Amino acid sequence: MMSKKVPDWRIKLYVSLTASLIAFSVSLFVAEISKHNKKVETAQRIALVTLSNIDELANNLEIVTVYYDEFRGMYDEIKENYSNLDSVPDSLCDEFVDYLEGWDIFAINKSPELTFCTTFELWDYLDNVPLIRRIGNCYAYENAFLELYNRDQAIISELAASAGLSKGIDNHEKLKNIMSSTPFSNYMKRSEAISFSYHSILEKIRLSNELNKKVMDVTDDELNTLVAPQHWANTKNEDFIFVVGPDM
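Just so it is clear, the structure is predicted and the values come from calculations on it, not from any experiment. (Residues numbered from 1 in each chain as written. Predicted model: local features only at pLDDT ≥ 70, side-chain atom pairs only at ≥ 80, totals over all residues. Heavy atoms only, no water.)

(A) The arrangement of a negative patch on the surface in detail. Taken together, the side chains of Glu 70, Asp 90, Asp 94, Glu 95 and Asp 98 present a region of like negative charge at the surface. Inspection of the secondary structure assignment puts Asp 90 in helix H2 (residues 90-101). Overall, Asp 90 belongs to the exposed group, its relative accessible area being 51%. (Patch = residues over 30% accessible without salt bridge, like charges linked within 9 Å, V, L, I, M, F, W, Y side chains within 5 Å. Areas by Shrake-Rupley, 256 points an atom, 1.4 Å probe, with all protein chains shown as cover. Salt bridge = Lys/Arg side-chain N within 4 Å of Asp/Glu carboxyl O. Lys, Arg positive; Asp, Glu negative; His and termini not counted. Charge placed at Lys NZ, Arg CZ, Asp CG, Glu CD. Helix = DSSP H or I, 4+ residues; strand = E, 2+ residues; numbered from the N terminus. Buried < 20%, exposed > 50% of the residue type's maximum accessible area, 1.4 Å probe, protein only.)

(B) Geometry of the nonpolar core. Counting residues in each nonpolar core, the largest one holds 54 residues, and the members touching the most others are Phe 71, Phe 96, Leu 100, Ile 178 and Phe 184. Of all the secondary structure elements, the ones that give two or more residues to this core are helix H1 (8-81), H2, helix H5 (129-162), helix H6 (171-179) and helix H7 (182-215). When residues no more than four places from it in sequence are discounted, the contact partners of Phe 71 are Phe 96, Tyr 99, Leu 100, Ile 156, Phe 184, Tyr 187 and Met 188. (Core = buried A, V, L, I, M, F, W, Y, C linked by side-chain atoms within 4.5 Å. Contact = heavy atoms within 4.5 Å.)

(C) Inspection of H2 at higher detail. Between its first and last C-alpha, H2 extends 16 Å over 12 residues, near the 16 Å set by a 1.5 Å rise per residue. Every buried residue of H2 is listed here: Leu 92, Cys 93, Phe 96, Val 97, Tyr 99 and Leu 100. Each buried residue of H2 lies within a common arc of 150° when the element is viewed along its axis, so the set occupies one face. Along H2, exposed side chains directed more than 90 degrees from the buried face belong to Asp 90 and Ser 91. (Expected span 1.5 Å × (residues − 1). Arc of directions from axis to C-beta.)

Note that all results are geometric; they support no functional claim without further evidence.
Spelled out as C-alpha cells, the structure:
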C-alpha cells in the first residue's frame, strides 16, 4: 500500500512557519540581550555618576574640615600669643568672631544618592555586591559627618549667643567675652576630638571611593566630566539637603 504524498504546499507552509518561529525566537533573543546590555550600561552610568557625586561630597566636607581646623588654629594663636586681647590684630579677631557668627547655608546634592539607594533593579544589573556596599557606606559616613557637624555648630551657636556675641558691640569686645567664657573653653578642649572625627570620616569616604573607582576602572579625569559644579544655595530645593556651613 502506497503512502500518501504530503502536498508541496504543506511542506512549504511547515518550512515557512518553522523559519518564522526561528526568526522570531532569534529576534526576541537579540532584543532581550540588547535590553539587558542597555540596562547594564545604564547601571554602570548611574554608578559612575554616583562615584562622581561622592567625590564632590568629599570635597564639600573637606571645606568644612579645613575651615574648622583653621578656627582651632586661630583660637590657639590668640590664647598662646596675646595676654592682652586688645592687642590681637583686627584681621585675626574679625576672622575668629566671623567663624562664630557668620555661618551661611550650603547644600549637598542628594539626587544621585537617592537614585542609587532606591533603584533596586540597578543593583541587579550592576552585579557587584562589594561595590554597592562601599557606596552605601560612603553615604552612611556622609550622614554621620553631617549629624556630628550640625550638632557641633548648634553648640557653637549656643555658646556664641550665651557669650553675648549677638549684641551690638565691636569684635574685640566679642572676643573678650568668648575667650572668658568657661563653657567655650571647655568646648575647645574637646575640639581636637571633633576635628579627629571629621578627618577620620572624610578619610573613610575618600579611601572607599578610590577603591570604587579602581574596581570600575575609571579615572578622575573621566569622572570630572560627570561632576556638577559645587552648589552653594540660599533657597530651598528638594533635591538638596541643607546644613549650616561656613561663610566663605
